[in-house]
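Structural overview
So the chains spell out like this:
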Amino acid sequence: MKHVQDTLPPYVKIENGELWLTEDDRENLKISYRIKDIIFSEPSEFQHVMILDSYDFGRMLVLDGVVQTTSIDGHIYNEMISHIPLQLHPAAKKVLIIGGGDCGAAREAAKYPHLEEIHMVEIDEKVVQACKAHLQEVSGNLSDPRVKFIYDDGVAFVKEHENEYDVIIIDSSDPVGPAEALFSRDFYANVRRALKDDGLMVCQSQSPIFHLDILRRTYNNIGELFPHVKVYTATVPTYPGGLWSFTIGSTKPLALPEKATIPADTKYVNEGILKQCFELPQFLKTALEK
Ligand code: SAM
């Protein structure tokens, strides 16, 4: 074993000669992954950035000890956060992604030839550089000239833009540290201002199992700012609880086009997923009706 415990962050441990990452950011739940190798590990101004090679999930992006995306299940999340809003707004030309440092959402958006500009505002350049170099299963080595990387705080960025974007995708990490403000009502209000009159936004709104309070607050905040709000879900094995939620706010009624134009090479989203994505389990429907 080439690693020495003293040089590792506390959430990566050598146990009986094996390397283990333990997500221990929750009070009552710890999730551990056996790791083959540490591919990249550096602190940035905002967080500790790691790319780990794991046994069950392949390479994974880990920020401050929390798994963000992996080679094995990253496509589920990235396709759902990108294709659903882009199918709902087939005339979109200009898209903004906030966060999304693994580049997976930008990679999916770039599959739509009719999009003219895709702006990605990520606070931490080190995440983008690490994923482009070491996590190409997710980032796809993105080099589409329509994708413009802007290294800035998404909260400040949206304040300075008005009536500009057709679709805004908020692909944030959990609501701690720099991502906390990305879950606030003030931020969503500025997102609404940054959208064109017929625009729509989507955000990841956490686990319906473990963070129903955050999901309900997000749904209510967005519902106060947009005339149309809807939640959809997908199962992403590396997110606690598996079931994950996304919330859409739209100025126009949310209607899928009669003829879907899903790019040919998706691995998760297809016409059937699209047609039923707004069908919610009963506990979630009941919780959102309250
Ligand atoms: N799919 C992942 C998940 O749900 O766990 C998250 C995707 S991505 C890695 C999240 C990104 O949001 C991180 O790279 C982080 O640096 C970025 N981020 C956090 N706060 C931000 C902010 N205020 N402005 C812009 N980007 C931010």
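Residues numbered from 1 in each chain as written. Predicted model: local features only at pLDDT ≥ 70, side-chain atom pairs only at ≥ 80, totals over all residues. Heavy atoms only, no water.

Looking at the overall build of the protein chain
- Along the backbone of the protein chain there are nine helices and 13 strands.
- Against the 2.2 N^0.38 benchmark of 19 Å for 290 residues, the protein chain shows a C-alpha radius of gyration of 18 Å, consistent with a compact globule.
- By principal-axis analysis of the C-alpha atoms, the protein chain measures approximately 55 × 45 × 35 Å.
- Burial statistics for the protein chain: of 290 residues in total, 57% are counted as buried.
- Taking the intrachain contacts of the protein chain between residues at least 6 apart in sequence as the baseline, contacts between residues at least 24 apart amount to 64%.
- Per element, the accessible surface of the protein chain, about 12,800 Å² overall, is 48% carbon and sulfur.
- Computed over 29 positive and 43 negative side-chain charges, the inter-centroid distance for the protein chain is 4 Å. (Helix = DSSP H or I, 4+ residues; strand = E, 2+ residues; numbered from the N terminus. Rg over C-alpha atoms; globule rule 2.2 N^0.38 Å. Buried < 20%, exposed > 50% of the residue type's maximum accessible area, 1.4 Å probe, protein only. Contact = heavy atoms within 4.5 Å. Areas by Shrake-Rupley, 256 points an atom, 1.4 Å probe, with all protein chains shown as cover. Lys, Arg positive; Asp, Glu negative; His and termini not counted. Charge placed at Lys NZ, Arg CZ, Asp CG, Glu CD.)

A few points about the pattern of salt bridges
- Within the structure shown, the criterion is met by 12 salt bridges.
- A salt bridge links glutamate 18 to arginine 34; the shortest N-O distance between them is 3.8 Å. With glutamate 18 in strand 2 (residues 18–23) and arginine 34 in strand 3 (residues 31–43), this residue pair connects regions lying 16 residues apart in the sequence.
- Given the relative accessible area of 27%, glutamate 18 is considered partly exposed.
- Its salt-bridge partner being arginine 26, residue aspartate 25 comes within 3.3 Å of it at the nearest N-O pair.
- Residue aspartate 25 is classed as partly exposed on the basis of its relative accessible area, which comes to 42%. (Salt bridge = Lys/Arg side-chain N within 4 Å of Asp/Glu carboxyl O.)

Quick look at the packing of helix 7 (residues 212–225) against helix 9 (residues 282–289)
- For the pair helix 7 and helix 9, the least separation of the axes is 10 Å and the interaxial angle reads 50 degrees. With respect to helix 9, the element helix 7 is oriented oblique. Note that helix 7 runs across helix 9; the crossing there is right-handed. Contacts from Leu212, Leu215, Arg216 and Tyr219 in helix 7 reach Leu284, Ala287 and Leu288 in helix 9.
- A per-class count over the contact of helix 7 with helix 9 returns six nonpolar, no polar and one charged. (Axes fitted to C-alpha atoms, helices over the stretch in contact; angles between N-to-C directions. Parallel < 35°, antiparallel > 145°, perpendicular 65-115°, else oblique. Left-handed = near helix turned anticlockwise from the far one by under 90°. Nonpolar A, V, L, I, M, F, W, Y, C, P; charged D, E, K, R; others polar.)

Things to note about the packing of aromatic side chains
- Summed over the entire model, instances satisfying the criterion amount to seven aromatic pairs.
- Considering the side-chain rings of tyrosine 77 and tyrosine 239, the 5.6 Å spacing of their centres and the 80 degrees angle between planes classify their relative orientation as edge-to-face. Here tyrosine 239 lies in the loop between strand 12 (228–235) and strand 13 (243–250) and tyrosine 77 lies in helix 1 (residues 74–88), a separation of 162 residues in the sequence. Considered together, tyrosine 77 and tyrosine 239 belong to a single accessibility category, that of buried residues.
- With centroids separated by 5.8 Å and ring planes inclined at 85 degrees, the aromatic side chains of tyrosine 232 and phenylalanine 278 adopt a geometry described as edge-to-face. Linking tyrosine 232 in strand 12 with phenylalanine 278 in the loop between helix 8 (271–276) and helix 9, this pair joins segments that are 46 residues apart in sequence. (Phe/Tyr/Trp six-rings, centres within 6.5 Å; stacked < 30°, edge-to-face > 60°.)

Considerations on the UniProt feature "binding site: S-methyl-5'-thioadenosine" (unreviewed entry) in the protein chain
- Residues given the UniProt feature "binding site: S-methyl-5'-thioadenosine" (unreviewed entry) here are Gln47, Glu122, Asp153, Gly154 and Pro178.
- Its place among the elements puts glutamate 122 in strand 8 (residues 117–122).
- Apart from the residues within four sequence positions on either side, glutamate 122 is in contact with Gly99, Gly100, Gly101, Val128, Ile150, Tyr151 and Asp152.
- Here the side chain of glutamate 122 touches aspartate 124 through a polar contact of 2.9 Å, landing on its backbone nitrogen.
- Relative to the helices and strands, glycine 154 resides in helix 5 (residues 154–159).
- Taking the relative accessible area as the measure of exposure, glycine 154 reaches 6% and is therefore buried.
- Excluding residues that lie within four positions of it along the chain, glycine 154 makes contacts with Ile98, Val121 and Phe187. (UniProt positions renumbered as here; feature names shortened; annotations may be inferred. Polar contact = N/O pair within 3.5 Å; in protein donor to acceptor, adjacent residues only side chain to side chain.)

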